[in-house]
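Listed here are the chains, written in short residue letters.
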Amino acid sequence: MADTKREIERKFEFETSKAARRGVPDLTGTAGIAAVADQGTVDLDAVYYDTPDQRLAADGLTLRRRTGGSDAGWHLKLPVSPGVRDEVAAPLSDTVPRSLAALVRSRVRDGGLRPQVRLLSSRRVSHLLDADGALLAELSTDSVRAEAGPAGPGETGEAVEAGEATMAVEATAGAVATWTEVEVELADGVDPALLDAVEKKFRKAGIHVSDAPSKLARALAETGTEPAPRPESGPAEGTAGAYVLAYLREQRDALVAQDPAVRRNLPDSVHQMRVASRRMRSAFKTYRKVLDREVTDPLGEQLRLLGQELGVDRDQEVLHERFQEGIEALPRTLRHGPVRGRLRTWNNGRRAASRRRALAFLDSPVHLALLDSLDALLADPPLLPRAAKPAEKALPKAVLRDYERLAGRIERALAMEPGEPRDHALHDARKAAKRARYAAEAAAPALGKPADRQAKAMKSVQTLLGDHQDSVVAREALRALAEQATAAGESAFSWGVLYGREEALAASQERELPEIWDEASDPALREALAP
């Protein structure tokens, strides 16, 4: 089993050898630190794993096997923000634990893992305590020796698949680097302002914040084995192609980065990954005169499949939250039968199946091949002649074309009578609103405020239409819940009340749409975008 811990820390280094000889100043009296308790010295031996081309290091991830100390085992560290990482730990073993291998699969794929660097550290530990003796932070002074290129299985250094790597750390090869660093890691729930106070105290003692975000990053830099930048090419700066590719890179990076978050079941992770897939797929369609459709259309279809598989889990999550809120909002007089239990049973069965389906797809050869194909497209983009044109000339036409597409769908939907056909038409308009919004967002770095305003206008339409579609889907699910309750001998009254409320909500949104659309379709917005 893997355990997760949020790690908030700051690393420091001595500015001069004189400062190093003086050592760390006494922190007693700094920001509520009442005592500094010496915990002794421990020897640590860590071997860091990565792909041969160091994909994990390139994205700021570290995967290590460490012995010594109180937390011997495997540790995967995932960046959250500067100075903040999530550490996922697994018990000590001779192979990369499958739980951790899964979390790096979107980066490793078929690249295999092998030892890259061995770090031997002599760590002196002190606890920073408050007046009640409670732990505020752990202060560590590490004397580090980094050895590049420890041998892998059979001491050959060959790449191995995740989950199959065995350890042979006796043999080392390559460059060696040594340094001393100081680390302050906050205890759970402690105000990060403590780190600022410690940093101020350290500066006076000739100790500054380290430039390296981690020991591994410093080891790779000082042994000359740091990862090379991704080999991606593209058109000249300021062209339409340059801006479109920059947007696509953001979405590719989001797909890869959200993968471990989805596997860890972090809040909103499925939604964010699904949005990245939609944005990329939409950009392929919107900017089809910038990138060759013969290449992008097959990728768009694979992205559609990804969004579809993720959508099962995400849609269930949204429905459950919606129904929970609806039940809690019902007066007791309208709450008949075991509605909370019925909802829990319904959700647990559907959610377990939808999550298994999403995770299976992320592990599938189809998905891993998609990630490789996206990398290949960005490394060698299939550019068309329009990609070389100035962005301010080429991009507005694509943005306005998607707006006109949305306008046509809105007009058709508003001309229809309320009912199921109109619901389908409004859903089609919702998808067009997303595409129009994403088109403007992609162009915003080049076109500035006019594109920003257009994106916001399209988002308002998308939000209203999205709420309407959510109500349509909710009514279908409520009908099923009512049937299940009836079959179990329970009252279906409360589900019927919720159904009626959803029906009224959808009708209200349909009445509101013309006004929202009038505001969003302001001709001044389109005039500002015109090339």
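Residues numbered from 1 in each chain as written. Predicted model: local features only at pLDDT ≥ 70, side-chain atom pairs only at ≥ 80, totals over all residues. Heavy atoms only, no water.

Trainee: Let's hear about the nonpolar core: which residues, and what values?
Mentor: Generally speaking, a soluble globular protein has its nonpolar side chains buried in company with each other. Residues Leu-248, Phe-284, Tyr-287 and Leu-395 are the most contacted members of the largest nonpolar core, which totals 45 residues. Those elements that provide at least two residues to this core are α7 (240–263), α8 (269–286), α9 (293–329), α10 (339–362), α11 (365–379), α12 (391–414), α13 (420–447) and α14 (449–487). With sequence-adjacent residues up to four places away left out, Phe-284 is seen in contact with Leu-248, Leu-291, Thr-296, Leu-299, Gly-300, Leu-303, Leu-374 and Leu-377. Core analysis: the second largest hydrophobic core is formed by 21 residues, Ala-432, Leu-464, Ile-516 and Ala-520 among them. (Core = buried A, V, L, I, M, F, W, Y, C linked by side-chain atoms within 4.5 Å. Buried < 20%, exposed > 50% of the residue type's maximum accessible area, 1.4 Å probe, protein only. Helix = DSSP H or I, 4+ residues; strand = E, 2+ residues; numbered from the N terminus. Contact = heavy atoms within 4.5 Å.)

Trainee: Run through a positive patch on the surface, naming residues and quoting values.
Mentor: A surface patch of like charges, here positive, comprises Lys-289, Lys-389, Lys-393 and Lys-397. Turning to its location among the elements, Lys-393 is positioned in helix α12. (Patch = residues over 30% accessible without salt bridge, like charges linked within 9 Å, V, L, I, M, F, W, Y side chains within 5 Å. Areas by Shrake-Rupley, 256 points an atom, 1.4 Å probe, with all protein chains shown as cover. Salt bridge = Lys/Arg side-chain N within 4 Å of Asp/Glu carboxyl O. Lys, Arg positive; Asp, Glu negative; His and termini not counted. Charge placed at Lys NZ, Arg CZ, Asp CG, Glu CD.)

Trainee: Please provide a residue-by-residue account of empty space enclosed by the protein, values included.
Mentor: Applying the stated criterion to the full structure yields 2 cavities of 30 Å³ or more. Of the volumes computed, that of the largest cavity is approximately 40 Å³. Lining the largest cavity are Thr-286, Tyr-287, Lys-289, Val-290, Arg-386, Ala-394, Ala-398 and Arg-401. The element that contributes the greatest number of residues to the lining of the largest cavity is α12, accounting for 3 residues. The residue inventory of the lining of the largest cavity, partitioned by class, reads 4 nonpolar, 1 polar and 3 charged. Approximately 40 Å³ is the volume attributed to the second largest cavity. Every residue along the wall of the second largest cavity is listed here: Tyr-48, Tyr-49, Asp-50, Gln-54, Ala-57, Gln-116, Leu-216 and Leu-220. Every element with two or more residues in the lining of the second largest cavity is listed here: β2 (35–50) and α6 (215–222). Per-element tally for the lining of the second largest cavity: the top contributor is β2, with 3 residues. Of the residues in the lining of the second largest cavity, the class split is 5 nonpolar, 2 polar and 1 charged. (1 Å grid on protein atoms, 1.4 Å probe; cavity = no way out; pocket = protein on both sides within 12 Å on 5 of 7 lines; lining within 4 Å. Points joined across faces, edges and corners; volume = space filled by probe spheres on them. Nonpolar A, V, L, I, M, F, W, Y, C, P; charged D, E, K, R; others polar.)

Trainee: Any details on the pairing of strand β7 (residues 135–148)? Residues and values, ideally.
Mentor: As judged from the 13 bridges shared by strand β6 (residues 114–129) and β7, these two strands associate in the antiparallel manner. Pairing of Ser-126 across the sheet is with Leu-139, part of β7. Of the pairings in the sheet, the one linking β7 to strand β8 (residues 176–186) comprises 11 bridges and is antiparallel in character. Looking across to β8, one finds that Thr-141 is bridged to Val-182. (Pairing = 2+ DSSP bridges.)

Trainee: Can you lay out the packing of aromatic side chains for me, pointing to particular residues and giving the numbers?
Mentor: Enumeration according to the criterion identifies 4 aromatic pairs in this entry. Ring geometry for Phe-12 versus Phe-202: centroids 4.8 Å apart, planes at 85°, classification edge-to-face. Of the two residues, Phe-12 is situated in strand β1 (residues 3–14) and Phe-202 in helix α5 (residues 193–204); the sequence distance between them amounts to 190 residues. With respect to burial, Phe-12 and Phe-202 carry one shared label: buried. The interplanar angle of 15° and the centroid separation of 5.7 Å between the aromatic rings of Tyr-403 and Trp-517 together place this pair among those described as stacked. With Tyr-403 in helix α12 and Trp-517 in helix α15 (residues 493–520), the pair connects residues that are 114 residues apart, well separated along the chain. Across the pair, exposure class does not vary: Tyr-403 and Trp-517 are buried alike. (Phe/Tyr/Trp six-rings, centres within 6.5 Å; stacked < 30°, edge-to-face > 60°.)

Trainee: Describe unusual backbone geometry, naming the residues involved and giving the relevant values.
Mentor: Of note in the backbone geometry, Ala-31 takes a positive phi value of approximately 50° without being a glycine. Judged by relative accessible area, Ala-31 falls into the partly exposed class, the value being 44%. Of note in the backbone geometry, Gln-54 takes a positive phi value of approximately 55° without being a glycine.

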